[in-house]
Amino acid sequence: MPDPGRSILFRDQQNLELAEEAREMSLAFADSAYLRWISGEEDPHKAWEMYFDRTQRQIRTLLDGLLATFPPEDRDKALELAGCVEAFCLPSDAVESRVFENPGSAAGFLIGVSPLAVQLSAEIAWGMNIAHPYLPEDLPDGWEAATMHAQESLALILSRYVRAAERLGEAPVPMSMVVLAMQKSRGPDGGPSSCYDAALAFALTHELAHIRNGDLLPTRHRQAAALIPEHMASVLDISAEESEELTADAATFTACFNFLLTVASLAPDNPLRDARSPRELLHREAQFMITAWHSARRATEACEAYYTAVSILSDIAFRRGDDDAASRLLTTAMRLPYIQSYVQQVREQVLTKTYGPYMWTEHDVVYRRGYASWRAFFVGNLLPAVSRDQRAEEPDWLSDWKTPADLAREPRYLTAVIDEGQRQADALGRELGPDDGQTLAARANLAYIRSQAGDTAGAITALVNLIPDMERVWGADDLNIFPVRHNLAWLLGETGDTAGAVAAFTELLAAQERVLGPDDPDTLDTRYELAHLRGTTGDMTGAVADFLQLRADHERVLGPEHAATLATRQSLAHWQERLGDTARAAATLAELRSHEVTVFSPDHPGTRAAYEARLEDHTRRLGRGHPDTLTTLWFLAVLRGKDGDAAGAAAAYTELLEHDLGSLGFDEVDLRITRDNAAHWQRVPGERHQAG
């Protein structure tokens with residue numbers, strides 16, 4: 001039998017001495033009790049051998065696949081990494097993946113991947129894929145009820161998984177949704193196997209990015225530019241270590257996407273892989289773009305799920321008493337908004353140009369909105385209630401914790417950012433000249449920062465002085481000037497200078513219609529602002545007429561489900577209502593709702609009502625003690641508590657205790673939590689508290 005740690009694609013470059021170090025590290029970290037349970041082998045060393053043999057093949061295959069996605073110009077770097085990097089699965093209760101500088105004689109790095117992070121990420125990605133489908137209109141009637149059940153099941157399985165992860169070794173980790181699903185289905189585009197592969201790829205790529213980018217090396221040897229420039233990071237109190245993590249996080253998405261796309265495109269069973277005829281080639285191109293969309297979707301899911309898993313693991317580490325690990329993991333989880341912004345930018349500006357319009361859609365936006373509300377709901381409401389260990393005190397670092405986004409909104413930091421922006425603009429003016437494009441762009445950015453800081457007057461003055469310089473250098477119809485003119489018009493309206501705003505938008509609209517055409521989205525956006533201003537001046541009849549025409553144009557140009565179309569319908573209904581035409585306003589809102597994609601998430605306005613109706617239906621058809629009825633009742637108890645319905649929450653928890661909850665997998669911990677929650681809501685009638 002070949003060495004399970006031996007490279008497949010890079011066997012000539014692999015450092016076998018380093019591979020042996022990976023074996024030794026895996027053995028050093030081994031948890032005998034867990035490995036005996038997972039392998040069924042009583043002998044500790046044999047149990048570890050079985051575990052290492054299985055996981056190391058998987059890890060090395062994935063590492064080879066990631067290295068193989070390097071572009072041709074980086075081939076030498078891939079060969080170098082193949083000889084100086086090995087990876088292995090850390091066993092059982094490791095909450096963090098880590099990069100080790102090899103302690104042995106072979107030069108290189110060892111990556112230890114946390115299996116908990118991978119399993120939780122895959123679990124969440126697969127569960128959310130079922131609970132919040134990307135393309136609900138393609139599903140059969142009644143899919144909403146299936147997503148509600150999936151959401152309940154995900155909450156229950158994660159609750160049990162989290163408790164087991166807190167005390168690994170005491171009890172087996174429960175069989176997970178994704179493992180059960182993998183035994184039944186292995187769909188290529190959305191199956192549980194691809195969710196697990198994406199989760200493992202994301203976790204390994206994140207640590208590999210540190211090595212590839214040179215974060216572990218002196219600054220002069222680093223290869224990747226920081227996601228946040230050093231001078232801005234210092235203004236926001238972002239440490240060098242955290243800045244390195246942000247850069248690695250940002251690099252992870254693209255590498256994960258490339259890996260997933262390559263695996264799908266080069267699969268041996270891909271019938272279009274060796275297409276030759278023109279018809280086959282055209283079909284292959286279309287299939288490739290669809291595969292690219294699925295790969296981008298799966299990489300985005302892995303990203304979202306990874307940071308949710310990290311926040312859960314941070315809570316587990318905190319309840320274990322490991323405050324240092326909890327702090328590091330929370331810091332990682334708090335970076336998600338930055339990474340989401342970066343992923344969106346990459347998908348919109350980079351991938352779309354290469355792979356077509358599949359890279360970022362309205363469905364992605366809706367899906368992520370549902371995902372975000374679920375993450376907040378689970379971490380904020382369910383996670384504290386399901387833990388075995390309750391710590392009453394908050395850690396010192398959590399009470400005054402602020403994310404970079406929080407800091408960026410504070411006046412003292414905004415002032416520092418403005419000062420830094422002014423310094424950059426002045427420096428560019430001296431080095432490149434006042435008419436250089438970078439200097440003008442820096443001045444536009446500085447004006448935007450001033451507006452964000454609340455200095456609207458200063459921003460207006462800056463733009464009034466900037467626009468003539470831009471027009472003199474680039475010409476009045478340059479496309480780069482239009483957004484700047486739009487910002488000036490909008491700020492004038494914000495100050496109450498409606499006449500000035502209308503004049504500025506009207507002049508801009510004429511230029512946009514001449515240069516961009518009447519159907520350009522930017523042109524339509526300017527018409528939207530003018531229609532709104534018309535209503536604010538008291539001409540509500542004119543505003544309704546403008547929005548009626550704009551709605552028709554938005555539907556024709558962008559489609560009925562585009563965000564801009566939906567916003568136009570919303571504004572039309574608003575001005576119809578203001579005009580007193582309540583019947584047409586109601587019809588417009590009904591039309592708006594009919595085009596919105598239905599996504600059941602804990603913060604959706606109709607969610608609780610939907611679950612109340614679901615409970616009534618289950619009780620009538622299945623009976624009060626049926627597992628599906630009890631699952632819905634448990635989930636609804638949490639929702640009632642979140643809404644501040646103390647009596648309803650207490651009634652739901654009390655009714656749960658009247659039944660045998662063994663069918664739901666409830667153990668003594670679940671029963672204690674249920675009793676505690678029932679008592680809690682009975683003590684605080686009418687007050688708004690979180691359950692648990």
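> Report on the overall build of the protein chain, specifying residues and quantitative values.
Along the protein chain, the regular secondary structure elements total 29 helices and three strands. Among the 692 residues that make up the protein chain, the fraction classed as buried is 50%. Across the protein chain, the fraction of contacts at a sequence separation of at least 24, relative to all contacts at a separation of at least 6, is 68%. Element-wise, carbon and sulfur atoms account for 52% of the exposed surface of the protein chain, whose accessible area totals about 31,700 Å².

> Residues and numbers for the packing of aromatic side chains, please.
Tallied over the entire structure, the rule returns eight aromatic pairs. Pairing Phe202 with Tyr306 gives two aromatic rings, centres 5.2 Å apart and planes at 50°, and the pair type is tilted. With Phe202 in helix α8 (residues 192-213) and Tyr306 in helix α11 (residues 278-320), this residue pair connects regions lying 104 residues apart in the sequence. Comparing Phe202 with Tyr306, the two get one shared label, buried. Here the aromatic rings of Trp634 and Phe635 are separated by 6.3 Å at their centres, their planes lie at 55°, and the arrangement is tilted.

> Lay out helix α19 (residues 456-474) in plain terms, naming residues and giving numbers.
Here α19 contains 19 residues, and its C-alpha end-to-end distance of 26 Å stays within 8% of the 27 Å for a straight helix at 1.5 Å per residue. Listed in full, the buried residues belonging to α19 are Ala459, Ile460, Leu463, Leu466, Ile467 and Met470. Contacts from the buried residues of α19 go to α18 (437-452) and α20 (482-494). After α19 finishes, the residue Gly475 shows a positive phi value of roughly 100°.

> Would you mind going over the nonpolar core in detail, with residue names and values included?
One finds Leu67 and Trp374 to be the most contacted residues of the largest nonpolar core, which totals 136 residues. Top contributing element to this core by residue count: α11, with 16 residues. One finds Ala447, Ala459, Ile467 and Leu488 within the second-largest nonpolar core, a separate group that totals 23 residues.

> How would you sum up the environment of Leu671? Please name residues and give values.
With respect to the element layout, Leu671 can be found in helix α29 (residues 668-683). Of the residues examined, Leu671 reaches a relative accessible area of 22% and is grouped as partly exposed. Between the C-alpha atom of Leu671 and that of Tyr653, which follows or precedes it by 18 residues, the distance is 10.0 Å. Beyond its immediate chain neighbours, meaning those up to four positions away, Leu671 contacts Leu657 and Leu661.

> Run through the sheet that holds strand β1 (residues 85-89), naming residues and quoting values.
Reading across the sheet, the three strands line up as β1-β3-β2 and stay open at both edges, with mixed pairing between neighbours. If you trace the sheet from one side to the other, it starts and ends with β1 and β2 (98-101), each paired once. The average undirected angle you get between the axes of adjacent strands in this sheet is 25°. When β1 meets strand β3 (residues 109-113), the two strands line up parallel, connected through five bridges. Note that in β3 the partner of Phe88 across the bridge is Gly112. Against the sheet, helix α4 (residues 75-84) engages β1 and β3, with an angle of about 55° to β1.

> Could you give an account of helix α21 (residues 498-515), with specific residues and numbers?
Look at α21: 25 Å from first C-alpha to last across 18 residues, which is about the 26 Å you get at 1.5 Å a residue. Turning to α21, the residues buried within the fold contact α20 and α22 (521-536). Backbone geometry just after α21 places Gly517 at a positive phi near 100°.

> Tell me about the environment of Asn465, and name the residues and values.
Here Asn465 is to be found in helix α19. Through-space distance from the C-alpha of Asn465 to that of Arg443 is 9.9 Å; in sequence the pair is 22 residues apart.

> I'd like a description of the side chain of Thr205, backed by residues and values.
With respect to the secondary-structure elements, Thr205 resides in helix α8. When its relative accessible area of 3% is taken as the criterion, Thr205 is described as buried. Discounting chain neighbours no more than four positions away, the residues touching Thr205 are Leu66, Thr252, Ala255 and Cys256.

> So what's going on with the packing of α19 against α20? Residues and values would help.
Where α19 meets α20, the axes come as close as 10 Å, and the angle between the chain directions of the two elements is 150°. Here α19 is positioned roughly antiparallel relative to α20, judged by the angle of their axes. Crossing of α19 over α20 shows left-handed handedness. Contact residues: Thr456, Ala459, Ile460, Leu463, Val464, Leu466, Ile467, Met470 and Glu471 in α19; Val484, Arg485, Asn487, Leu488, Leu491 and Leu492 in α20.

> Please set out the state of the cysteines residue by residue, giving values where relevant.
What the rule picks out here adds up to zero disulfides. Considering cysteine sulfurs only, Cys256 is the nearest to Cys303, which forms no disulfide, with 8.9 Å between them.

> Outline the pattern of salt bridges, listing residues and values.
According to the stated counting rule, one finds 30 salt bridges in the structure shown. Across the pair Arg23 and Glu49 runs a salt bridge, and its minimum N-O distance is 3.4 Å. Here Arg23 is found in helix α1 (residues 16-28), whereas its partner Glu49 is found in helix α3 (residues 44-68), with 26 residues between them in sequence. On the accessibility criterion, Arg23 (16% relative accessible area) is buried. With a shortest N-O distance of 3.4 Å, Arg608 and Glu612 are connected by a salt bridge. Of this pair, Arg608 and Glu612 both sit in helix α26 (residues 607-621), separated by four residues, roughly a single helical turn. Its relative accessible area of 23% is what places Arg608 among the partly exposed residues. On the basis of relative accessible area, Glu612 is assigned to the partly exposed category, the value being 24%. Overlapping salt bridges, with partners in common, bring together Asp435, Arg443, Asp469 and Arg472 in one network.

About the thresholds
Residues numbered from 1 in each chain as written. Predicted model: local features only at pLDDT ≥ 70, side-chain atom pairs only at ≥ 80, totals over all residues. Heavy atoms only, no water. Helix = DSSP H or I, 4+ residues; strand = E, 2+ residues; numbered from the N terminus. Buried < 20%, exposed > 50% of the residue type's maximum accessible area, 1.4 Å probe, protein only. Contact = heavy atoms within 4.5 Å. Areas by Shrake-Rupley, 256 points an atom, 1.4 Å probe, with all protein chains shown as cover. Phe/Tyr/Trp six-rings, centres within 6.5 Å; stacked < 30°, edge-to-face > 60°. Expected span 1.5 Å × (residues − 1). Core = buried A, V, L, I, M, F, W, Y, C linked by side-chain atoms within 4.5 Å. Pairing = 2+ DSSP bridges. Axes fitted to C-alpha atoms, helices over the stretch in contact; angles between N-to-C directions. Parallel < 35°, antiparallel > 145°, perpendicular 65-115°, else oblique. Left-handed = near helix turned anticlockwise from the far one by under 90°. Disulfide = S-S within 2.5 Å. Salt bridge = Lys/Arg side-chain N within 4 Å of Asp/Glu carboxyl O.

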